[in-house]
There are 2 protein chains.
Amino acid sequence: MSHRDKLSYIILGLLKTEPLSGYDLKKKFESEVGEFWQANTGQIYPSLRVLLNDQAVTFDVHIVGEKLEKKTYQITPKGIELFNEWLKHPVDRYPIQKDEFMLRLYFLDDKNEENLQKLIEEESIVHQKKLEYLIKRQKDLFGEDEKNKKSGHYLVLDFAIQRETFKKEWLDSLLKDLK
Amino acid sequence: MSHRDKLSYIILGLLKTEPLSGYDLKKKFESEVGEFWQANTGQIYPSLRVLLNDQAVTFDVHIVGEKLEKKTYQITPKGIELFNEWLKHPVDRYPIQKDEFMLRLYFLDDKNEENLQKLIEEESIVHQKKLEYLIKRQKDLFGEDEKNKKSGHYLVLDFAIQRETFKKEWLDSLLKDLK
DNA sequence: ATTTCCATGTAAGGAGTTACATGATTTG
DNA sequence: CAAATCATGTAACTCCTTACATGGAAAT
């Protein structure tokens, strides 16, 4: 009851808004929540089975087309309770954010200047590209629509954009210092 | 030869500067590189054994006090080659940064205002505390010493500080918007 | 008609954490 | 002399990724 992995809670959270299939969940992890959590079928289907077993979710089978079976999972009252319990509890521990780029920076420092500059430039481009992608997504999803600006979805996208902007600026500033 | 986990490369990188024991490595992962990568004995000792087996490192035994045996590992030319190879290769993939707080924000949005505000305030305090800790470390380690400002160690600490500052500001600004 | 997407799942293995076990040395 | 730290290691477990297997439906 008490010890349950985070993925289960996230699945419950997603099901709280709308019924979803395993495949739908996978899509969610590629888009909406994908900036902050990811999971694929290797985790999703086994996790759904556990939740089903614990009566935190149920499912209906829908036929798509002629015979393709789609299992649409719904959250149960027990599932809602579990989810709310998790949401109430404070975030217990902060695992560090592993960052391979920062490690390379740590190892390279000023002994190896050409490589250093190239490393930083490449990293800056990566964040630039990601930023462009995120801004496009924000525009597509929300446009000028002011009334949605407080939604969770908007907030997480906004944070991702600010985060990428920050990192790119830090990199570009470092690059300027090196020259 | 080619397929090797990142931890191995990081250990090699750390050994490139100075010989270290397993215990020393553990300490490094708690301090210097700890903001961007962590590992404990459950990974370090097995990893050292693999590196030893592949002749990427060797070790000497030193006696501390009367009989406590300390194995000091050194990097070999083969180890240096492996490490340099890794450093040259571009960072291949960017695993997302999992963030439980952002997920909660996504789930809470504006339906649950009291909880939302509390969640953000608590998160802000966490980053404030971390910031204070990092600034103290920076001061202790570098002080007003300008000549070290380009070292890898200084850079990663600076980035960590800027990152925490950014996140705290984003949170505080969100909190202001909510009121 | 072929490619892409929808849809459900499993198996194997790698990465990482937690807990334990043992003992020496240093510090207060 | 007790507590904290130094020091090496293993076992069990969880989490997560990768790759595979199968097949239907929709789009071009």
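Calculation criteria
- Residues numbered from 1 in each chain as written.
- Chains lettered and ligands numbered in written order.
- Predicted model: local features only at pLDDT ≥ 70, side-chain atom pairs only at ≥ 80, totals over all residues.
- Helix = DSSP H or I, 4+ residues; strand = E, 2+ residues; numbered from the N terminus.
- Rg over C-alpha atoms; globule rule 2.2 N^0.38 Å.
- Buried ≥ 20, exposed ≤ 12 C-beta atoms within 10 Å, placed from the backbone.
- Contact = placed C-beta atoms within 7 Å.
- Nonpolar A, V, L, I, M, F, W, Y, C, P; charged D, E, K, R; others polar.
- UniProt positions renumbered as here; feature names shortened; annotations may be inferred.
- Axes fitted to C-alpha atoms, helices over the stretch in contact; angles between N-to-C directions.
- Left-handed = near helix turned anticlockwise from the far one by under 90°.

S.K.: Would you take a moment to explain the overall build of chain A for this structure?
M.R.: In terms of helices and strands, chain A carries seven helices and two strands. Along chain A, from the amino end to the carboxyl end, the secondary structure elements read α-α-α-β-β-α-α-α-α. The C-alpha atoms of chain A give a radius of gyration of 21 Å, which is well past the 16 Å a tight globule of 179 residues would have. Across its three principal axes, chain A shows a C-alpha extent of roughly 60 × 40 × 35 Å. A buried classification covers 28% of the 179 residues belonging to chain A. Counting contacts in chain A only where the partners sit at least 6 residues apart, residues at least 24 apart contribute 56% of the total.

S.K.: Would you explain the interface of chain A and chain B in this entry?
M.R.: Many descriptions give the size of an interface as the accessible area lost when the pieces come together. Every contact between the two is made by 40 residues of chain A and, on the other side, 40 residues of chain B. Mapped onto the side of chain A that touches chain B, the elements with two or more residues apiece are helix H1 (6–17), helix H5 (100–108), helix H6 (113–142) and helix H7 (152–178) of chain A. The element best represented in the side of chain A that touches chain B is H5 of chain A, accounting for nine residues. Its residues assigned to classes, the side of chain A that touches chain B comprises 22 nonpolar, eight polar and 10 charged.

S.K.: How should I be thinking about the UniProt feature "domain: Transcription regulator PadR N-terminal" (unreviewed entry) in chain A in this particular structure?
M.R.: Mapped onto this numbering, the UniProt entry annotates "domain: Transcription regulator PadR N-terminal" (unreviewed entry) at residues 11–82 of chain A. In residues 11–82 of chain A, the share of helix is 49% and the share of strand is 22%. The end C-alpha atoms are 11 Å apart.

S.K.: Explanation requested: unusual backbone geometry in the structure shown.
M.R.: Peptide bonds are trans in most cases, and residues, glycine excluded, mostly fall at negative phi. Not every positive phi belongs to a glycine, and Gln-55 of chain A is a case in point at roughly 60°. With respect to the helices and strands, the residue Gln-55 of chain A is situated in the loop between helix H3 (41–53) and strand S1 (57–64).

S.K.: I would appreciate a short explanation of the packing of H1 of chain A against helix H4 (residues 77–88) of chain A in the present structure.
M.R.: Each pair of packed helices gets described by two things: the angle between the helix axes and the distance between those axes. Residues and elements named next belong to chain A. The N-to-C vectors of H1 and H4 enclose an angle of 115°; their axes lie 9 Å apart at closest approach. For H1 against H4, the interelement crossing comes out left-handed. Where H1 approaches H4, its residues Tyr-9, Leu-12, Gly-13 and Lys-16 are matched on the opposing element by Gly-79, Ile-80, Leu-82, Phe-83 and Trp-86. Partitioned by chemical class, the residues of the contact of H1 with H4 number six nonpolar, two polar and one charged.

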